[in-house]
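Take a look at the letters that make up each chain.
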Amino acid sequence: MTSLSNTSNQQKPSGMPFERYRAFVPVDVPDRTWPTKKIAHAPRWLSTDLRDGNQALIDPMTPGRKLQMFELLVRMGYKEIEVGFPSASQTDFDFVRQLIVEDRIPDDVQISVLTQARDDLIARTAESLVGAPRANIHLYNATAELFRRVVFNVTPGECIGIATRGTEMVMKYAEQYLGDIVGTGDFGYQYSPEIFTQTDTDFALEVCERVSDVWQPEPGREIILNLPATVEMSTPNTYADQIEYFGRHLTRRDVSAISLHPHNDRGTAVAATELALMAGADRVEGCLFGHGERTGNVDLVTLGMNLFSQGIDPMIDFSDIDEIRRTVEYATNLPVHPRHPYAGDLVYTAFSGSHQDAIKKGLEDLDRIAADRGVPVGELPWEAPYLPIDPKDVGRTYEAVIRVNSQSGKGGVAYVLKSEHKLDLPRRAQIEFSRVIQQHTDAEGGEVSPETIWKIFRAEFLDQESPLKLNSVHTSSAAGEKDALTVNVYVDGELRTLEGTGNGPIAAFVDAINGLGHDWDVRVLDYAEHALSAGGDAVAAAYVECSVGSEIFWGVGIDANIVTASLKAVISAVNRGQAIVD
Ligand SMILES: CC(=O)SCCNC(=O)CCNC(=O)[C@H](O)C(C)(C)COP(=O)(O)OP(=O)(O)OC[C@H]1O[C@@H](n2cnc3c(N)ncnc32)[C@H](O)[C@@H]1OP(=O)(O)O
Ligand SMILES: CC(C)C(=O)C(=O)O
């Protein structure tokens, strides 16, 4: 095959020891059906922030932080919450007790706790749940060949024995400690063949079948079979294949919930989860903002918001994303990345010119459609360039949507002036002012804040008082076909009364200025105006494009009187022209 690149840019071997790694061997599902399936509704969610998320923190959460996290999860609408590993530490045990004793578990929420398949740990786990109105015990043991050989030194049969005996112990200790709820739908059981992704799928099925034989699921007594991508091993499609294969071959499928527990080692946990849902999974375990072991668990915020952005109710409330982020940052003591999907500081912000231009036009278009239909923008179907969702739907404002730096163009600068100061500059005025801002960013570097943009705008268009400054408009009257105007103007600091005539007050004013004897030769090329505010004390903005000598300048005037605003705009253009000539 001939290379498309020329010889000077041929890629070179990296020298890294890639030969040490072996490609993942996927399960063979040639007649897979998941690629054509669609996700049509939210799955059952379980948050494991207080367990898998917590076990991977530099500083595990204090009881106070755990409680804040629990309450956040409840407020957001999670109905299944893994609250800890009570046999691991007194802190975890006490937290479960606190939730139960202080009656903090809402009627529609089921807490879950994790345990290894060891008798003493299972007993302690069941003990932590005494008095719980609803609870789930989650048992795991590793099933992958590597773990059987290296970590546990067990045969496949012994590995199955750990899982089935563990299940028997859960049933025994549940009977002993949780008699009130055992046998009702309020007590649940979950089993995880840990490292499912690295386990031969037929063997994972075998273990789960034998565990189900012990638990005996039936209607009203489901078993949750949680299939963890404890380590993400390959491309997301391979996880989906494993899930479809598992679901197809599992007996008692109707009384088994197939649950996903993806980790993010390859950075594709969200994609793997979505494909695995297409492959038939019922339930997803993860953490807010992807906390958890190593690269984290799958991010529940991204998953939920991905559904939302496709018109599917995530059944979780993300409407105050910043409050969610603040609480998680407080509880975990770890920051959320500024580019984190849906929640990062910068994810609804455009710096670059073409993005800003498109966003500005998109938002204006929505405003126009909303005004035509007489409805708020929030009731329109969302469609805006570069913004997959309306930032307002997650409690953000449009204020930070556009931020200006050296990559920005006229659209961004114009957006800031319009959104912050209601000034709707004509297109060529936008271009002229954006060059002024560009000079600033080239010289200073970094971002230029809306306050600085306004300061520069004022200095450029509104505050220059030399050589001309309007003092008062004396008279303005019709003189035959023409308008006559008398104005008091400071010229180079000296108050003078000028007179001029023309077709309208602006032309009359230009006539008066040109009569001053300077060689300015002012001519008006274009004009625009609009109100800045409504009502009796309305203020207007006028924009005038003038040629001053051989150069062209825009001027801006703001005043309660539209004629005065126009004259100020002419003065603004002349002063800008003179500033450059000087
Ligand atoms: C993928 C996951 O995230 S799984 C959850 C992981 N989370 C945690 O481990 C946090 C909480 N864990 C802990 O605090 C501790 O591990 C404890 C308190 C539960 C147990 O501590 P220890 O008794 O000191 O054991 P340790 O953690 O070293 O566990 C290793 C032993 O447990 C065995 N073991 C590990 N997992 C399991 C399991 N799921 N079922 C049965 N035995 C297991 C190992 O084979 C090993 O046995 P060995 O001592 O005979 O070689
Ligand atoms: C206990 C199991 C579900 C787990 O955390 C994992 O395998 O990642």
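Every residue gets a number counted from 1 within its own chain, in the order that chain's sequence is written. Ligands are numbered from 1 and chains lettered from A, in the order in which they are written. pLDDT decides what is reported in this predicted model: residues at 70 or higher carry local features, side-chain atom pairs at 80 or more are listed and counted, and totals for whole chains, interfaces and linings draw on all residues regardless.

Draft legend 1. Examining the sheet that holds strand 14 (residues 551-559) more closely. With antiparallel pairing, 3 strands are arranged side by side in an open sheet as 12-13-14. Of all strands in the sheet, those with a lone pairing partner are strand 12 (522-531) and strand 14, marking the two edges. Averaged over all pairs of adjacent strands, the angle between their axes in this sheet comes to 15°, without regard to strand direction. When DSSP finds two or more bridges between two strands, those strands count as paired. Only runs of H or I of at least four residues qualify as helices and only runs of E of at least two qualify as strands under DSSP, and these elements are numbered from the N terminus. Sheet topology note: the strand 12/strand 13 (residues 540-548) ladder contains 9 bridges and is antiparallel. Looking at strand 13, one finds that tyrosine 527 is bridged to valine 544. Orientation is described by axes fitted as lines to C-alpha atoms, over the contacting stretch for helices, and by angles from 0 to 180 degrees between their N-to-C directions.

Draft legend 2. Spotlight on the site of ligand 1. To decide nearness, the C-beta atom of each residue is placed from the backbone, and the residue is near a molecule or strand if that atom lies within 6 Å of it. Neighbouring residues of ligand 1: 17 residues in total, closest Phe85, Ala88, Gln116, Ala117 and Asn141. Contributing elements (two or more residues each) for the shell around ligand 1: helix 1 (49-55), strand 4 (135-142) and helix 5 (145-152). Any residue outside Ala, Val, Leu, Ile, Met, Phe, Trp, Tyr, Cys, Pro, Asp, Glu, Lys and Arg is labelled polar, Gly included; the first ten of those are nonpolar and the last four are charged. When grouped by side-chain class, the residues that make up the shell around ligand 1 number 8 nonpolar, 5 polar and 4 charged.

Draft legend 3. How the structure looks around helix 2 (residues 63-76). With 14 residues, helix 2 extends 20 Å between its outermost C-alpha atoms, agreeing within 8% with the 20 Å of an ideal straight helix rising 1.5 Å per residue. In this scheme the burial state of a residue depends on its C-beta neighbours within 10 Å: 20 or more other such atoms mean buried, 12 or fewer mean exposed, and anything in between means partly exposed; the C-beta positions come from the backbone. Every buried residue of helix 2 is accounted for by Lys66, Met69, Phe70, Leu72, Leu73 and Met76. The arc that holds the buried residues of helix 2, viewed along the axis, is 160°, so those residues lie on one side. Of the exposed residues in helix 2, those oriented more than 90 degrees away from the buried face are Pro63, Gly64 and Glu71. Here, residue contact means that the backbone-derived C-beta atoms of the two residues sit within 7 Å. On the buried face of helix 2, the contacting elements are strand 1 (44-47), helix 1, strand 2 (80-84), helix 3 (90-101) and helix 11 (321-332). Positioned one or two residues after helix 2, glycine 77 has a phi angle of 110°, which is positive. Take the residue count of a helix, subtract one, and multiply by 1.5 Å to get its expected span. The directions from the helix axis to the C-beta atoms are what the arc is built from.

Draft legend 4. Structural context of the sheet that holds strand 5 (residues 187-194). In spatial order, the strands read 1-2-3-4-5-6-7-8; together these 8 strands close into a barrel with parallel pairing. Here the average twist between neighbouring strands, direction ignored, is 25°. Two strands pair when backbone bridges link them, and strand 2 and strand 3 (residues 110-116) are joined in this way by 4 bridges, in the parallel orientation. Note on strand 3: the bridge partner recorded for glycine 84 is valine 113. Of the strands in this sheet, strand 3 and strand 4 are in contact with helix 4 (residues 119-128), which crosses strand 3 at around 165°. Across the sheet, helix 9 (residues 269-278) is in contact with strand 6 (223-229), strand 7 (256-262) and strand 8 (283-286); its angle to strand 7 comes to roughly 165°.

Draft legend 5. Layout of the site of ligand 2. All residues in the neighbourhood of ligand 2 are listed as Asp52, Leu114, Tyr140, Ser192, Glu194, Asn226, Pro228, Thr230, His261 and His263. Mapped by element, the contributors of at least two residues to the shell around ligand 2 are strand 5 and strand 6. Split into classes, the residues belonging to the shell around ligand 2 amount to 3 nonpolar, 5 polar and 2 charged.

Draft legend 6. Examining the confidence of the model for the chain more closely. Across the chain, each position has a pLDDT score giving the predictor's confidence in that residue, from 0 to 100. Confidence along the chain averages 95 in pLDDT terms, with 98% of residues attaining 70 or more. On the interface metric, ipTM, the complex scores 0.97, and its pTM is 0.88.

Draft legend 7. Representation of the domain arrangement of the chain within the structure. Start and end positions for the domains come from either an automated domain assignment or a database one. Parsing the chain into structural domains produces domain 1 (42-332), domain 2 (353-462) and domain 3 (468-581). With centres defined by C-alpha atoms, the gap from domain 1 to domain 3 works out at 73 Å.

Draft legend 8. Spatial organisation of the UniProt feature "domain: Pyruvate carboxyltransferase" (unreviewed entry) in the chain. According to UniProt, the feature "domain: Pyruvate carboxyltransferase" (unreviewed entry) maps to residues 43-322 in the numbering used here. The annotated region residues 43-322 carries 44% helix and 18% strand content, and the separation between its end C-alpha atoms amounts to 24 Å. UniProt positions are given in the numbering used here, feature names are shortened, and annotations may be inferred rather than shown by experiment.

Draft legend 9. Representation of the packing of helix 14 (residues 427-444) against helix 15 (residues 450-462) in the model. Taken N-terminus to C-terminus, the directions of helix 14 and helix 15 make an angle of 120°; their axes are 11 Å apart at the nearest point. What the angle tells us is that helix 14 and helix 15 run oblique. Crossing geometry of helix 14 relative to helix 15 is assigned as right-handed. The segment helix 14 lies against helix 15, with Phe433, Val436, Ile437 and His440 engaging Ile453, Ile456, Phe457 and Glu460. Angle categories: roughly parallel below 35 degrees, roughly antiparallel above 145, roughly perpendicular from 65 to 115, and oblique for all the rest. Crossings are classed by handedness, with left-handed meaning an anticlockwise turn of the near helix from the far one by less than a right angle and right-handed meaning a clockwise turn.

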